[in-house]
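Overview (structure and organization)
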Amino acid sequence: MKEIIRAEHSGFCFGVRQAVDNTFKLLRENKGRKIYSKGQLIHNRDVTDELEKSGIKVISGIEEAEPGSIVVIRSHGETEKFYDDAAKHGVKIMDATCPFVKRIHKLVHEAHEKGRKIVIAGDRNHPEVIGINGWCGDSAYIVNSREEALGIEGEGFFLVAQTTIRKALFDEIEEVLSGRDLVAVNTICSATSERQKSCGETAKLSDMMIIIGGRNSSNTRKLYDISKKYCPETYFVENIGDLPLQQIQKYNKIGIAAGASTPERIIEEVISSMCEITNENNFMNEYMEEIEKSLRLPRGGEIVNGKVHQVTDNEVIVNLGCKKDGILPKDEVTLEEGQKLADIFAEGDEVQAKVIKTDDGDGGILLSKKKLEVNEHWNEISNAYENKETVTVKVIRAVNGGVIGAYKEVTGFIPLSQLSDKYVENADEFIGQEMDVRVTRVDQRRGKIVFSRKAVLTEEKEKKLAEIWANIHVDDVVDGKVMRFTNYGAFVDIGGIDGLLHISEISWGKLQHPQEVLEIGQQVKVKVLSMNEEKGKISLGLKQTQPEPWSVIDEKYEIGSVVSGKVVQIKEYGAFVELEPGLDGLVHISEIAHKRVNDINEELTVGQEVEAKILEIDKDKKRISLSIKACTAPDAEETEEE
């Protein structure tokens, strides 16, 4: 008995699905407007043919687009220069760049600005790699093997990866460059790794493997190579027309894997065709099914497909392939102001709708496009839940324990605890706001949806923290903001992470409390002294951004000069005067006054400002000797005492 095994992770990835869905939406919302795609939107011939028929024209450069038109940037992304050229050319951009690729652009741009040499692990001719290189002025080293990495000289590197390469290649390149002031960020898409892993596991179980995808798809070719390693009988097909029919009949266990740019319908078509080949009675079964279908009437709530038979002012008559026609009334179609049914429907058009009643009273089946749209919105919510994607909702009213958020024609509940990542006492301030949320629960049968804004905020915070950890290094001097004090120091926000500025690292002088020199909200430049990402701790230094006083003593002080200072400590033998934080001088008891002094406390007090003359500077012992009496003239009383 034959068995068909489908790899767990196959078909559209998140970035490709988003690009395709947004492009078809763009076509629907901009009828009559010129729309282009910079290069093929995805590496799949069936999808690109469908897009071309829908009105998308593929261009190789921005100069080919008409001013005022729209150009779609595919999921592979583009160079920084492309965006600038589009603006100069008067072209609007719909950016469908994969979010994971966008992150690489940002990382590379920032590292390049800091003077690091960029290294990209990947194929130099792949559009994604070309785009990444454009965010560092086309200055990157692009390597696709250990040998190419060995040819790079110098140090101070920043390594990223094409999202679809094998991790083993990234690890090899990282190993070659390690020890040469390397910062490596593994930017391989997790979906790619999962797809490659499940392909390999499926190939091990199969006698024959079918890899479905576009011939130009880099990630699909990698799946083919992985499969071939474990299953020699591996075949690369773009659609059912490429299936090796004779070979399929020879094997019992046939595995299926598909690239990130392969639509689900093509995968299903291939599997369906293979089932036909492996089932002798399949044709007869399908014939009987067609007869049964023509006799059976669709049920209420069912989604049906048909062809437009006639269009009137008030309704559209649809041939559903059964013994009754479908009736689509004008009231069940979303029309813009002044629009007629004939403006959007024509005889022979394929149409999809939802069954409201199996009998409209005149023998027809009552249909609705509006109800279908609501159903589509539920599907979008369900897809967002399954794929852990965000959706945008509008908060429309407050209810007990939270608020109601509307996504198009459907609504869901946002608990008070999920409105923010901070405590929310009153939900009224959120009414009317639009916000990105995660879908945490869907029950279409009961009409219940639960959203969470907190989940989105938490994820954004985690991503931001990960980027900060990846881009901050020991000895970096960074901008910070003083957030709060403790007895042992201050906590400083350095862009999303709080670092500890210990009281001993604030000033070269001695402090009793950090507020002696700092204020809450104060902007400061601090140096990163140590980092522990595992524990989430960063130690900072403020005094390190200023020279240590004794290191520049010769530039500011000399013997014989008169200086001002503050008395900070009184001993039996003299008083210590702070000239600046971290630099004290000693006024010996004999140098306080022209008269004999028995108790220094009778002459000086802690905190008193004084002037003194420098008698001696001993840099080896870090001592300064001062004299207060050298700056004053003896009065008559003191002269008589002497």
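First, a word on scope: everything that follows refers to the structure included in this document. Note that the coordinates shown come from a computational prediction; the quantities given were computed from them, not determined experimentally.

The rules behind each value
- Residues numbered from 1 in each chain as written.
- Predicted model: local features only at pLDDT ≥ 70, side-chain atom pairs only at ≥ 80, totals over all residues.
- Heavy atoms only, no water.
- Helix = DSSP H or I, 4+ residues; strand = E, 2+ residues; numbered from the N terminus.
- Rg over C-alpha atoms; globule rule 2.2 N^0.38 Å.
- Buried < 20%, exposed > 50% of the residue type's maximum accessible area, 1.4 Å probe, protein only.
- Contact = heavy atoms within 4.5 Å.
- Areas by Shrake-Rupley, 256 points an atom, 1.4 Å probe, with all protein chains shown as cover.
- Lys, Arg positive; Asp, Glu negative; His and termini not counted.
- Charge placed at Lys NZ, Arg CZ, Asp CG, Glu CD.
- Salt bridge = Lys/Arg side-chain N within 4 Å of Asp/Glu carboxyl O.
- Expected span 1.5 Å × (residues − 1).
- Pairing = 2+ DSSP bridges.
- Axes fitted to C-alpha atoms, helices over the stretch in contact; angles between N-to-C directions.
- 1 Å grid on protein atoms, 1.4 Å probe; cavity = no way out; pocket = protein on both sides within 12 Å on 5 of 7 lines; lining within 4 Å.
- Points joined across faces, edges and corners; volume = space filled by probe spheres on them.
- Nonpolar A, V, L, I, M, F, W, Y, C, P; charged D, E, K, R; others polar.
- Arc of directions from axis to C-beta.
- Polar contact = N/O pair within 3.5 Å; in protein donor to acceptor, adjacent residues only side chain to side chain.

1. Examining the overall build of the protein
Helix and strand content of the protein: 17 helices and 32 strands. The C-alpha radius of gyration of the protein comes to 37 Å, more than 25% above the 26 Å expected for a compact globule of 642 residues. C-alpha atoms of the protein, sized along the principal axes, occupy 135 × 60 × 50 Å. Evaluated residue by residue, the protein yields a buried proportion of 44% over its 642 residues. Within the protein, residue pairs in contact and separated by at least 24 positions form 63% of the contacts whose partners lie at least 6 positions apart. Accessible surface, the protein: about 35100 Å² in total, of which carbon and sulfur atoms supply 45%. In the protein, the 85 positive side-chain charges and the 111 negative ones have mean positions that sit 5 Å from each other.

2. Quick look at the environment of Glu-429
Tracing the backbone through its elements, the reader meets Glu-429 in the loop between β20 (410-415) and β21 (434-443). Owing to a relative accessible area of 55%, Glu-429 belongs among the exposed residues under this scheme. Linking Glu-429 and Lys-613, residues 184 residues apart in sequence, is a C-alpha distance of 64 Å.

3. Considering the pattern of salt bridges
Pairing is possible between side chains of opposite charge, provided their charged atoms come close. According to the stated counting rule, one finds 18 salt bridges in the structure shown. Taking the shortest distance from any N to any O, the salt bridge between Lys-102 and Asp-95 comes out at 2.8 Å. Residue classification places Lys-102 among the partly exposed residues on the basis of a relative accessible area of 33%. Asp-95 sits in the partly exposed class, given a relative accessible area of 30%. Here the salt bridges do not stand alone but share partners, grouping Lys-106, Glu-110 and Glu-467 into one network.

4. Re helix α4 (residues 99-113)
For α4, spanning 15 residues, the distance from its first C-alpha to its last is 21 Å, which sits close to the expected 21 Å at 1.5 Å a residue. For α4, the full list of buried residues reads Val-101, Ile-104, His-105, Leu-107, Val-108 and Ala-111. Taken together, the buried residues of α4 touch β6 (117-121), α5 (127-133), β8 (157-161) and α15 (453-471). Backbone geometry just after α4 places Gly-115 at a positive phi near 95 degrees.

5. With respect to the environment of Val-71
On the secondary structure map, Val-71 appears in strand β4 (residues 70-73). Residue Val-71 is classed as buried on the basis of its relative accessible area of 0%. C-alpha of Val-71 to C-alpha of Ile-93: the two residues are 22 residues apart in sequence and 5.1 Å apart in space. For Val-71, the contacting residues outside a window of four places in its chain are Tyr-36, Lys-38, Ile-59, Ile-62, Ala-65, Phe-82, Val-91, Lys-92, Ile-93 and Met-94.

6. Details of the sheet that holds strand β27 (residues 537-541)
The strand order around the closed barrel formed by five strands is β23-β24-β25-β27-β26, and the pairing between neighbours is mixed. Across the sheet, the mean angle from the axis of one strand to that of its neighbour is 50 degrees, orientation sign disregarded. Two elements, strand β24 (residues 489-493) and strand β25 (residues 498-502), share five bridges in a ladder whose sense is antiparallel. For Asp-493, the partnering residue across the bridge sits in β25 and is Asp-498.

7. Brief notes about the layout of surface pockets
Within this model, the second largest pocket holds a volume of roughly 600 Å³. Taken together, 25 residues line the second largest pocket, and the ones lying closest to its centre are Lys-510, Val-568, Glu-578, Leu-583 and Asp-584. Those elements that place two or more of their residues in the lining of the second largest pocket are β28 (562-571), β29 (574-580), β30 (583-588) and β32 (623-627). Residue classes in the lining of the second largest pocket are distributed as eleven nonpolar, seven polar and seven charged.

8. Re helix α7 (residues 167-177)
Of the positions making up α7, those classed as buried are Leu-169, Phe-170, Ile-173, Val-176 and Leu-177. Around the axis of α7, the buried residues are gathered within 125 degrees of arc, so they sit on the same side. Contacts from the buried residues of α7 go to β6, β7 (141-143), α6 (146-150), β8 and β9 (182-184). Following α7 by one or two positions, Gly-179 adopts a phi angle in the positive range, close to 85 degrees.

9. Describing the side chain of Thr-97
Positionally, Thr-97 belongs in the loop between β5 (92-95) and α4. There is a polar contact of 2.5 Å between the side chain of Thr-97 and the side chain of Asp-95. For Thr-97, the contacting residues outside a window of four places in its chain are Gln-18, Ile-73, Arg-74, Ser-75, Gly-77, Tyr-83, Lys-102 and His-105.

10. Focus on the side chain of Asn-471
As for its placement among the helices and strands, Asn-471 is situated in helix α15. The exposure class of Asn-471 is buried, given its relative accessible area of 11%. Engagement of the side chain of Asn-471 in a polar contact is seen with the backbone oxygen of Glu-467, the distance being 2.6 Å. Excluding anything up to four places from it in sequence, Asn-471 contacts Leu-107, Glu-110, Lys-114, Phe-158 and Asp-476.

11. Quick word on unusual backbone geometry
Positioned with a positive phi, Lys-388 is a non-glycine residue whose angle comes to about 55 degrees. Mapped onto the elements of the fold, Lys-388 is located in the loop between α14 (369-387) and β18 (390-399). Assessed through its relative accessible area of 61%, Lys-388 is described here as exposed. Of note, Asp-475 is a non-glycine position whose phi angle comes to about 85 degrees, a positive value.

12. Some details on the sheet that holds strand β1 (residues 3-6)
Strand pairing in a sheet is mediated by backbone hydrogen bonds. Such pairs are either parallel or antiparallel. One open sheet accounts for four strands, arranged β1-β12-β10-β11; its pairing is parallel. The open sheet has two edge strands with one neighbour each: β1 and β11 (234-237). When strand polarity is set aside, the average angle formed by the axes of neighbouring strands in this sheet is 20 degrees. Where strand β10 (residues 208-212) and β11 come together, four bridges link them in parallel fashion. When the sheet's bridge partners are listed, Met-209 is paired in β11 with Thr-234. Each of β10, β11 and β12 (253-258) is contacted by helix α9 (residues 218-230), which is oriented at about 165 degrees to β11, the strand it contacts most.

Honestly, it's all geometry; don't read function into it.
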